[in-house]
Amino acid sequence: MSAALVYRTMLGFYLLLFFGFLFGPLAVMGVTAFNTPAYPQAWPFEAFTLDWFWKLFADESLMIGLENSFIIGLLVVAVSVPLGLAGAIVMTQVYARVRGLYYLLVVSPVLTPGVIIGISTVIFWKDVTAWTGAKSLFTGFFLTTLGQSTFISSYCMLIFLSRLQRYDRAQEEAALDLGASRTQVFLHILLPFLRPAVFSAAVIAFLSSFENYNTTTFAILADKTLTTVLAGRVRAGMTPSISALAVLIILVTASGALIYEIARAKERRAAAPA
Amino acid sequence: MSNAYTAYAIFLGPLVLVLGIAFAAAFERRRAGAAAEPNFFARNGAPVATFLILAVGVWVLMMIVLPQFYMIDFSFHPKLPLAQRGGPNDIHTLVNYRYFLFGSPDDTSHWNTTHLHAFWITILASVIITIVNFAICYPLAYYLAQVARPKIVTRLMLLLVVPYWINEILRAFAFRVLFGTGGVINGMLIGLNLIREPIDFIGADVALYAGLTYAYVLIMMFPLYNAIESLDRNQVEAARDLGAPWWRIHAEIVMPHAKPGIATGATLVFMLCAGALAAPLVLGGPKTLWFTPIVYDRFFEAFNWPQGAAYALILLVACMAFVLIVMRVFKVTFSEIAR
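These numbers were taken from a predicted model, which means no experiment stands behind them. (Residues numbered from 1 in each chain as written. Chains lettered and ligands numbered in written order. Predicted model: local features only at pLDDT ≥ 70, side-chain atom pairs only at ≥ 80, totals over all residues.)

Our focus in this paragraph is the nonpolar core. Across soluble globular proteins, nonpolar side chains show a tendency to be buried alongside one another. One finds Ala141(B), Ile169(B), Phe173(B), Leu224(B), Val269(B), Ala278(B) and Ala312(B) to be the most contacted residues of the largest nonpolar core, which totals 146 residues. Among the elements that line this core, the one with the most residues is helix α9 (residues 206-229) of chain B, at 15 residues. The contact partners of Ile169(B), leaving out residues within four places of it in the chain, are Tyr213(A), Thr227(A), Leu230(A), Ala231(A), Val234(A), Ala278(B) and Val282(B). (Core = buried A, V, L, I, M, F, W, Y, C linked by C-beta atoms within 7 Å. Buried ≥ 20, exposed ≤ 12 C-beta atoms within 10 Å, placed from the backbone. Helix = DSSP H or I, 4+ residues; strand = E, 2+ residues; numbered from the N terminus. Contact = placed C-beta atoms within 7 Å.)

With that settled, consider the interface of chain B and chain A. Listed by partner, the interface residues are 73 residues for chain B and 73 residues for chain A. With 17 residues, the single largest contributor to the side of chain B that touches chain A is helix α3 (residues 46-75) of chain B. Across the side of chain B that touches chain A, the residue classes break down as 55 nonpolar, 14 polar and 4 charged. (Nonpolar A, V, L, I, M, F, W, Y, C, P; charged D, E, K, R; others polar.)

Glancing now at the domain arrangement of chain A. Here chain A is described as being made up of domain 1 (67-227) and domain 2 (243-274). On a C-alpha basis, the centroid separation for the pair domain 1 of chain A and domain 2 of chain A is 23 Å. (Domains from an automatic or database assignment.)

Below, the discussion takes up the confidence of the model for chain A. On average, residues of chain A carry a pLDDT of 87, and 98% of them reach 70 or more. The secondary-structure element of chain A with the lowest mean pLDDT is helix α11 (residues 240-271) of chain A, recorded at 80, while helix α6 (residues 140-164) of chain A shows the highest, at 94. (pLDDT = per-residue confidence, 0-100.)

Quick look at the packing of helix α5 (residues 114-132) of chain A against α3(B) now. The interhelical angle for the contact between α5(A) and α3(B), taken along N-to-C directions, is 80 degrees, at an axis separation of 8 Å. When the axis of α5(A) is compared with that of α3(B), the two are roughly perpendicular. Where α5(A) abuts α3(B), its residues Ile119(A), Ser120(A), Thr121(A), Ile123(A) and Phe124(A) lie against Leu66(B), Pro67(B), Gln68(B), Tyr70(B), Met71(B) and Phe74(B). Residue composition of the contact of α5(A) with α3(B), by class: 8 nonpolar, 3 polar and no charged. (Axes fitted to C-alpha atoms, helices over the stretch in contact; angles between N-to-C directions. Parallel < 35°, antiparallel > 145°, perpendicular 65-115°, else oblique.)

In structure tokens, the structure reads:
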């Protein structure tokens, strides 16, 4: 056997192991969603059933959680995309001496455990809303949106920053010379240039919000989202309904991620010089 | 802390800070003289400049800085009913930290072994899981970044992205299905006649450590891939032509080049592991020790919020210490890690 063949066999074996590790547990869980026993069981496979899926749709609090997760996801997109955009633009203009400190500040939420962001958001806003008399603001939706946006804005900012690195300021000067106002330059030159990044940031923000648990579980107070309902269910006991839900979520996120990645790959191909 | 005093601090603090920055900016401009950029408002136009200042101001002050400072201050206060807050009993105290160390607000004769042990196990296990994840990811990251053909890279990357977005709770659930006493692994082992009685993987924390490794493996993968990808292939070729063995190529060329990526991956995996809540809740046995669920219990079982804040701060300090150690060991700057 030649050395190249040994190398190829080992590589193939390693790739098989890695992707087996990645997908094996998900596949096993997927199988339990279609098996009849009431305790999630993949093997022996007794009989095919879709009952666990129907049970899911009849589960009211799960449906409420799903709806709330969706609304909060949209709110988080609406908050963190503009914040990330502003953060990135300021980064390109801020004085070099302050830049390091500013960078440290706006990126620190990415390196802070989610539970801590949730805890500090709740503690801070509880008192602020109490003193300002705006107690009606102290709701799970408001706090969860703020808490999640704290670090999701940082993700958005990093996406905008990488796109801004390729921004050519000569375009701006050309427009100014032709008599455009500063606001027009922002609206008609900078924003269109950043459009792919706005799209990426919005998708990433929504997905990050939708699957977040650590920050949400503190900030959501008495309300519920899909992840907090799910956590309660999983802790209460094992049922194949959860596997069924997992199958649905995997299908949705997988197709979403696929569409997003394909769109990005296409864009990259279009952008690359032929 | 009296309420009025803190309220002023919250609303005047930002104002003072913004004015301070404006003064500093004006000072810088004067020093730079004619070569200076036009000022912020002139450069962006009033509407856009206002939007930028408001957005960044709200984000940095109201969402990042003030909540953290407030939590720190809160953790140095005793637990009081709402009516007594701001009253004579509302003093700064170390009672919450004393509880973490000694398991009692005032008796310091013996250590709070449960919490201290959990903290130590959490840190140690997180470090080990970080190292294991690096070992699992490095070969694939290298293969994708330097060896594989572009078409294969695109396809494998798609395969990696999909599990990346699956919820942490569902991943933990999948591992519970695998490792439970009636789970697949026990079923297989019994079916193969290797064991008679099911093994309690969950009680032994095997499921937890495996689940955590699984949950964050891709967090390590992407930074590592990006860092190795930027290495010029000719360098590896040159080393090989000069007769370097494969392990020296990795130890002396690829890994030093990938240092920022390794640091990023390690920092993120450690932080996510040490701050993991879903995995220990789902995969933890009755005797499992993990620090985050203890923090959670301070709030929702013990209803002692200041103590919870103190515990959260201890976790935060541990994570910051890890970042600093990584920066030291890998000799990278903060902006190289957080990219």
